[in-house]
Every structure is written in structure tokens, then in C-alpha cells.
Amino acid sequence: MVRQLEAVIFDLDGVITDSAHFHYLAWKQLAADIDIEIDEAFNETLKGISRMDSLDLILAKGGREKDFTLEQKEELAAKKNAHYVELLKDLSPADILPGIKPLLDAIRAANLKIALASVSKNAPMVLAALDLTDSFDYLADAAKITHSKPDPEIFLVAAAGLGVESANAVGIEDAQAGVEAIKSAGMKAIGVGAGLIGTDELVSDTSKLTLAMIQKVFQI
Ligand code: BG6
Ligand code: MG
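Looking at an unreviewed UniProt entry, one finds the protein chain named Beta-phosphoglucomutase, with Listeria rustica as its source organism. Under Subcellular location (unreviewed entry), UniProt gives the following word-for-word description of the protein chain: "Cytoplasm". Looking at the protein chain in UniProt, the text filed under Catalytic activity (unreviewed entry) is "beta-D-glucose 1-phosphate = beta-D-glucose 6-phosphate".

In C-alpha cells, the structure reads:
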């Protein structure tokens, strides 16, 4: 079978907009409420991880994994989400990361498909606030995903939703777990940011992403 680039699949938080930082601030506040301190280095391990799995990692870090019932953990996760949604209240198209809108437009103009593979249940709301919903052909539904990144599930769901073979897609991610998810899904991976391992191409920030680069990475 001849491979042919058919689709580009994007992560959201930290790739389309800087909401990854708001997730960090919201978790830091929630963790402080239960006497656990987290820093940016620890936060790297939370990127791409679902809300409940992130809470479990934070509780384990503080040695408090046995201190809360499931119901209490659900309350903590809801509290974190309330902090997060509050931080997002002024989100607007001005918060789209550099180069992303022209890139989405160029991908569409080249007749390639575009999907979102975010495990965030807030993803549809974030895309709407950025006025980017119409730029995507398919949004993988985080509510139906059973395994967080680094499991490939969400990237496989995104490719299937577009009706393309995963080998014919390129994924773009800012998290180590996300890069591993893309590679496990059998796609080429472009990383954004420093220190990511196992990418097919790594750029320092989103302004460096171009359609020509995506096409080149696909050919590797
Ligand atoms: C991912 C983020 O995109 O979504 C994680 O990288 C976050 O940090 C996860 O925990 C789940 O997001 P939400 O909005 O459903 O809590
Ligand atoms: Mg991300």
C-alpha cells in the first residue's frame, strides 16, 4: 500500500492555545488546598493525562492516594475544573498560538483533513472560544476515551473519525505522553517545545510549524 498524507491531527492544550499553563495553575491551586505542592517539572508528567488520572498522580506525589473516597476525588476533580474554567473565561481568538490559524488554513487549502485529539472534556468549549471549531473536520470525543495518552486510543479515534488510515496522518503534540501516543498509533509525530523524546521532528514553538514541514516529516 502506498502511503499518502491525508490528515493532520492536533493536540489542543499547548499546541492550539496555551491552555496547558492554565491546567497547571488550576492543579497547583487544587493541590495546595490539600497540602500538596507541585511545580512545573512535575506538571510535565500531567500533560496529556486525563483529569482523574492527573488527580491520582498528584495524590500519589503527596502520599495521599489512600486519603479520599471516590466521591471525594470526584469533588476534587470538579473543583480543579472550576478553577480551570474560571481561568479560561477571557479566552478569545487572540489566544491562538502563533502560526496555528494560517497553518490550519493551509492544510485545508491543500485538501487535507484536520482532527483534534485532545483528552480534555473542555476541548469543544476551548475551540469555540478561539473561534476555531469550523477549522476542524472531526473532534475526537474525550468523554468516550477509556485510556489517556500515552495510549494511542484518542489518535486512532481521530483518524477513524476522519476516515483515514493512521499511517496516512501526522500528529502534532507538546507532551511526551502525546508524542508516545502518536507513535503508538503508527503516525509521524511533530513535537512542539523543548525536551521531547522520540519525535520525527521537533520545533521550539508553533510559529515554526508549516505545511511544507508536515509534508516533509510524512516522507521520513
Ligand atoms: C489534556 C491536558 O489536554 O487534557 C491535561 O494536557 C488535562 O493537562 C486533560 O488534564 C484533561 O482535561 P480536562 O479539561 O478534561 O480536565
Ligand atoms: Mg498538550
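Novice: Whenever I open this one, the overall build of the protein chain confuses me. Can you help?
Specialist: The helix and strand inventory of the protein chain stands at nine helices and six strands. Compactness check: the protein chain gives a C-alpha radius of gyration of 17 Å against a globular reference of 17 Å for 220 residues, within 12% of the reference. When the backbone C-alpha atoms are referred to their principal axes, the protein chain occupies close to 55 × 35 × 30 Å. Burial analysis of the protein chain (220 residues in total) assigns 49% to the buried set. Of the contacts formed within the protein chain by residues at least 6 apart in sequence, a portion of 63% connects residues at least 24 apart. Total accessible area on the protein chain is roughly 10200 Å²; 52% of this is exposed by carbon and sulfur atoms. Taken as two groups, the 21 positive and 34 negative side-chain charges of the protein chain have centres that lie 2 Å from each other.

Novice: Even after reading the chapter, I still don't get the coordination of the magnesium ion (ligand 2), so can you show me in this structure?
Specialist: Six octahedrally arranged donors around a metal ideally form angles of 90 or 180 degrees; four tetrahedrally arranged donors ideally form angles of 109.5 degrees. Distances from the magnesium ion (ligand 2) to its protein donors, Asp11 (OD), Asp13 (O) and Asp174 (OD), fall within 2.0 to 2.1 Å. Read N to C, the donor residues that coordinate the magnesium ion (ligand 2) are spaced as D-x1-D-x160-D. Given a relative accessible area of 12%, aspartate 13 falls into the buried group.

Novice: Whenever I open this one, the domain arrangement of the protein chain confuses me. Can you help?
Specialist: Where the parts come together, the accessible area they lose is often given as the size of the interface. As far as domains go, the protein chain holds domain 1 (7–17 + 93–218) and domain 2 (20–88). When each unit is reduced to the centre of its C-alpha atoms, the spacing between domain 1 and domain 2 is 24 Å. Domain 1 puts 14 residues into the contact, and the matching count from domain 2 is 12 residues. The three residues of domain 1 that bury the most area against domain 2 are Asp13, Asn122 and Ser148, which together make up 39% of that side's buried surface. Counting the contacts that link domain 1 with domain 2 gives zero salt bridges. Linking domain 1 to domain 2 there are five residue pairs in polar contact (both at pLDDT 80 or more).

Novice: How do you make sense of the site of ligand 1 when you look at a structure like this?
Specialist: Near ligand 1 you find 14 residues, and of these Asp13, Arg51, Ser120, Lys121 and Asn122 are the closest. Here glycine 48 contributes a backbone N or O atom positioned 2.8 Å from an oxygen atom of ligand 1. Contacts to ligand 1 include lysine 121, whose backbone N or O atom sits 2.7 Å from an oxygen atom. For ligand 1, whose accessible area on its own is 390 Å², the fraction buried by protein is 96%. When grouped by side-chain class, the residues that make up the shell around ligand 1 number three nonpolar, six polar and five charged. When residues of the shell around ligand 1 are assigned to domains, at least three fall in each of domain 1 (7–17 + 93–218) and domain 2 (20–88).

Novice: Please clarify how unusual backbone geometry should be interpreted in this entry.
Specialist: Most peptide bonds adopt trans geometry, and most residues besides glycine take a negative phi value. Cis geometry is found at the peptide bond from lysine 149 to proline 150, where omega equals 15°. Within the fold, proline 150 resides in the loop between β3 (138–139) and α7 (153–162). A positive phi angle is found at aspartate 35, which is not glycine, with a value near 60°. With respect to the element layout, aspartate 35 can be found in the loop between α1 (19–33) and α2 (40–44). Look at aspartate 131: it is not a glycine, yet its phi comes out positive at around 60°. Looking at where aspartate 131 falls in the secondary structure, it is placed in the loop between α6 (123–129) and β3. Given a relative accessible area of 60%, aspartate 131 falls into the exposed group.

What counts, and at which threshold
Residues numbered from 1 in each chain as written. Chains lettered and ligands numbered in written order. Predicted model: local features only at pLDDT ≥ 70, side-chain atom pairs only at ≥ 80, totals over all residues. Heavy atoms only, no water. UniProt positions renumbered as here; feature names shortened; annotations may be inferred. Helix = DSSP H or I, 4+ residues; strand = E, 2+ residues; numbered from the N terminus. Rg over C-alpha atoms; globule rule 2.2 N^0.38 Å. Buried < 20%, exposed > 50% of the residue type's maximum accessible area, 1.4 Å probe, protein only. Contact = heavy atoms within 4.5 Å. Areas by Shrake-Rupley, 256 points an atom, 1.4 Å probe, with all protein chains shown as cover. Lys, Arg positive; Asp, Glu negative; His and termini not counted. Charge placed at Lys NZ, Arg CZ, Asp CG, Glu CD. Donors = N, O, S within 2.8 Å, 3.2 Å for Na, K, Ca; no water. Domains from an automatic or database assignment. Buried area = accessible area lost by both parts, 1.4 Å probe. Salt bridge = Lys/Arg side-chain N within 4 Å of Asp/Glu carboxyl O. Polar contact = N/O pair within 3.5 Å; in protein donor to acceptor, adjacent residues only side chain to side chain. Near = heavy atom within 4 Å. Nonpolar A, V, L, I, M, F, W, Y, C, P; charged D, E, K, R; others polar.

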